[in-house]
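Each chain, letter by letter, is given below.
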Amino acid sequence: MRLNFLNKLKLENVFLFLIFSYSIYIFLNCFSFIDDNTGTTAGTFPKYISFSLIIFSLVLLFSKKELNETNNFFKVLLSFLAIFIGIYFSNYLNFFINLFFVFIFNSFLFQSKNNNIFKLLFISLIFVASLYYVFGVFLNINFPGFE
Amino acid sequence: MEFFLDNFLLGVESLIIPFNFLILIIGVVVGIIIGATPGLSPAMGVALLIPFTYELESIPAFILFIAAYQSSNYGGSITAITINAPGTPSSAVTAIDGYELTKKGKYKLALNSALKASVFGGLVGALILILFAIPVAKYAVYLGSAEYFGLALFGLTSVVAFGKKPLKALFAICLGLILSTIGIDRISGEERFTFGSIDFYDGFSLIPVMIGLFALGEVFYKLEQDSNKIKVKKVIENITSETKIKIKNYMSVLVNSSLIGTFIGIIPGAGSTIASFISYGRASKKSENKEEFGKGSVEGICASESANSSSVGGALIPLLSLGIPGSATDAVLLGALSLHSLVPGPELFSANADLVYSIFIALFLANIFIYFFGSIGNKVWIKISKIPYHILAPIIILLCITGTYTLKSSIFDCYICLFFGLVGWIFKKFDYPSAAVVLGLVLGIMLEDNLRRSLMISGYGYFLTRPGAMMLIIFSIISLIYPIFKKIKMKTRS
């Protein structure tokens, strides 16, 4: 299977996506995120966000370069890894931000057409926010990264 | 009789409450969407609904599950008929004749047949559930540890006997049995295979394992299979005036298939897919219009749909009265019961009679609502089923992770879910039955505990004094040997 979408994905779109996710992170960070270890907000997030974004962009670029030559078996492993990283970083980073990355990355893996990236970001954001409101607010369940 | 009527009224009372009634409608609608969406099975759908019921009381929670379970069995037929993409495994049989009718421009007739047959089968299943679950539960009071051991053993071995690939089913069961031994020994209190980790002390929680196996495993499988190959074909517009069937013309096939479906539903591990195939096979042999089967036979649709719908009621009989799940979805329901601190069996019928009777009535009402929503909303369901998989798959993944986490607020459970997602994918890839692992895990605990209790009472000789248990053990041995004989017979024939 050829991932045409990833081939056609322009570098500026990747950067736009990174900036977009970064600003969402800051937005969430300002209002809700408090680091469990230090109890601070502003001091701790750059390390985690930069780390996770570096990993995410590496995986994204890696997929873009390599996925064409590989079979779908490799895509399953990538999806598995993305979910694993998402769960692992829930210990350090806001749970729902990890979910957002997992959504985006898996969506990339599944699509073959040149779909609208902003539409995808919008859907993922709406869905993750709904999940937060259903489980975090309505059902009042404590998630990592939230007080 | 008075006890029955009192509890029946209690059940009706529960359903009259506007909130519960609304939950029932939501369950039916969500179930149809689950069923109509290729890639979402009833077991997966019910497993994903569990996290949403944490804050609900047990009655509305189970009304939701039952309504979704029953309606998802119908939902699968919509896409099977219109776009030849069965939403559920059991509706694959419906696609044989349903899609042929669609190609001839009679998709409305096919959908109407499937809807009426589903509702008919569902009502028969619900009726048999009410008639038999209560006597079975009453009888279950007299069962001792030896009989429960026999039942668990028969439940496991029947998966081998009825499975398409007995050796693979046996392997999956054994894996489930091994997994069931992990954790603190419930009798001696010793640690078993915990690797010193406190996370393993309670063994594997059922819900993360099932979400992983059925939901994540399916997503991984679809990813590898290239989900984009599922092309949605255009529905041919109706060009004939014949759009509805008359139930009385198909009464014989509907009654027979519903009874077959209910009976097969009772057998652990058999499930709605086998019920559909057997009913279809029987109907094609007995029908006066044999030549129409496979070319667009309404009778074929009626046979498969009524059987898979009625199997729901049948499968609930051993689940509620004995705690033995009849299918993968019932195993999920068993996990949900334990999550709501409910123990299936005779006690459930006495201590939580209101819940049991609410389930009975919910199953009845769900079928009526299926008819209503099925009649008016086919076009809507088809549109919903066209959600692109690159959106649907991440939604399922996120629901899996969040749902698993919310169970015990445990990140470790998320890893378990992910691990079993990988196991589910490998199983699906190599055609091993994932449901058998869950049955092994669920029934393994029942099997081991009751065997050890029996041995503590009077050693192996105890079984000889219990004819019921001995009979079940003999049936179990026959179930194990049966596939071997079947193979030998097939070889000698060929």
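Everything below is about the structure shown above.
Residues numbered from 1 in each chain as written. Chains lettered and ligands numbered in written order. Predicted model: local features only at pLDDT ≥ 70, side-chain atom pairs only at ≥ 80, totals over all residues.

A few words now on the overall build of chain A. From N to C terminus, chain A includes six helices and zero strands. Secondary structure elements of chain A occur, N-terminal to C-terminal, as α-α-α-α-α-α. Of all 147 residues assigned to chain A, the portion counted as buried reaches 33%. When contacts within chain A are restricted to residue pairs at least 6 apart in sequence, long-range pairs at least 24 apart make up 73% of them. (Helix = DSSP H or I, 4+ residues; strand = E, 2+ residues; numbered from the N terminus. Buried ≥ 20, exposed ≤ 12 C-beta atoms within 10 Å, placed from the backbone. Contact = placed C-beta atoms within 7 Å.)

Next up on the list: the packing of helix H13 (residues 328-339) of chain B against helix H18 (residues 434-458) of chain B. Residue and element names in this part refer to chain B. The contact between H13 and H18 brings their axes to 9 Å, and the two run at 40°. By the angle between their axes, H13 is oblique relative to H18. The crossing of H13 and H18 is left-handed. Two secondary-structure elements touch here, H13 through Ala328, Ala331 and Leu334 and H18 through Ala435, Val438, Leu439 and Val442. (Axes fitted to C-alpha atoms, helices over the stretch in contact; angles between N-to-C directions. Parallel < 35°, antiparallel > 145°, perpendicular 65-115°, else oblique. Left-handed = near helix turned anticlockwise from the far one by under 90°.)

Turning to the interface of chain A and chain B, a few remarks are in order. Listed by partner, the interface residues are 30 residues for chain A and 26 residues for chain B. For the side of chain A that touches chain B, the secondary structure elements donating two or more residues are helix H4 (72-88), helix H5 (95-110) and helix H6 (117-138) of chain A. Looking at the side of chain A that touches chain B, the element that brings in the most residues is H4(A), giving nine residues. Classifying every residue of the side of chain A that touches chain B by side-chain character gives 19 nonpolar, ten polar and one charged. (Nonpolar A, V, L, I, M, F, W, Y, C, P; charged D, E, K, R; others polar.)

Residues and elements named next belong to chain B. Formed by 192 residues in total, the largest nonpolar core has its most connected members in Ala47, Phe65, Met210 and Val438. It is helix H6 (residues 107-140) that provides the largest number of residues to this core, a total of 19 residues. Beyond its immediate stretch of four places on either side in the chain, Val438 contacts Gly176, Val209, Met210, Leu213, Ala328 and Ala331. (Core = buried A, V, L, I, M, F, W, Y, C linked by C-beta atoms within 7 Å.)

This part is about unusual backbone geometry. Residues and elements named next belong to chain B. Look at Ser341: it is not a glycine, yet its phi comes out positive at around 55°. In this structure, Ser341 sits in the loop between H13 and helix H14 (346-351). Using a count of 7 C-beta atoms within 10 Å as the deciding quantity, one classes Ser341 as exposed.

Let us look at the environment of B:Ala393. Residue placement: B:Ala393 occurs in helix H16 (residues 389-408). B:Ala393 gets classed as buried once you count the C-beta atoms within 10 Å, which come to 24. For the pair formed by B:Ala393 and B:Val219, sequence separation is 174 residues and the distance between their alpha carbons is 6.1 Å. Excluding residues within four positions of it along the chain, B:Ala393 makes contact with A:Asn106, A:Phe110, B:Val219, B:Lys222 and B:Leu223.

What follows concerns helix H3 (residues 42-49) of chain B. All names here are of chain B. With eight of eight residues buried, H3 is to be regarded as a mostly interior element. Residues of H3 that are buried: Pro42, Ala43, Met44, Gly45, Val46, Ala47, Leu48 and Leu49. Buried residues along H3 sit in contact with helix H2 (18-36), helix H4 (58-82), helix H9 (206-225), H13 and H16.

Residues and elements named next belong to chain B. Two elements in contact, H6 and helix H10 (residues 251-266), have axes separated by 9 Å at closest approach and are oriented at 50°. On the basis of their axis angle, the class for H6 and H10 is oblique. Seen from above, H6 lies across H10 with right-handed handedness. Together, Ala117, Phe120, Gly121, Val124, Gly125 and Ile128 of H6 and Leu254, Ser257, Ser258, Gly261, Thr262 and Gly265 of H10 make up the contact between the two elements.

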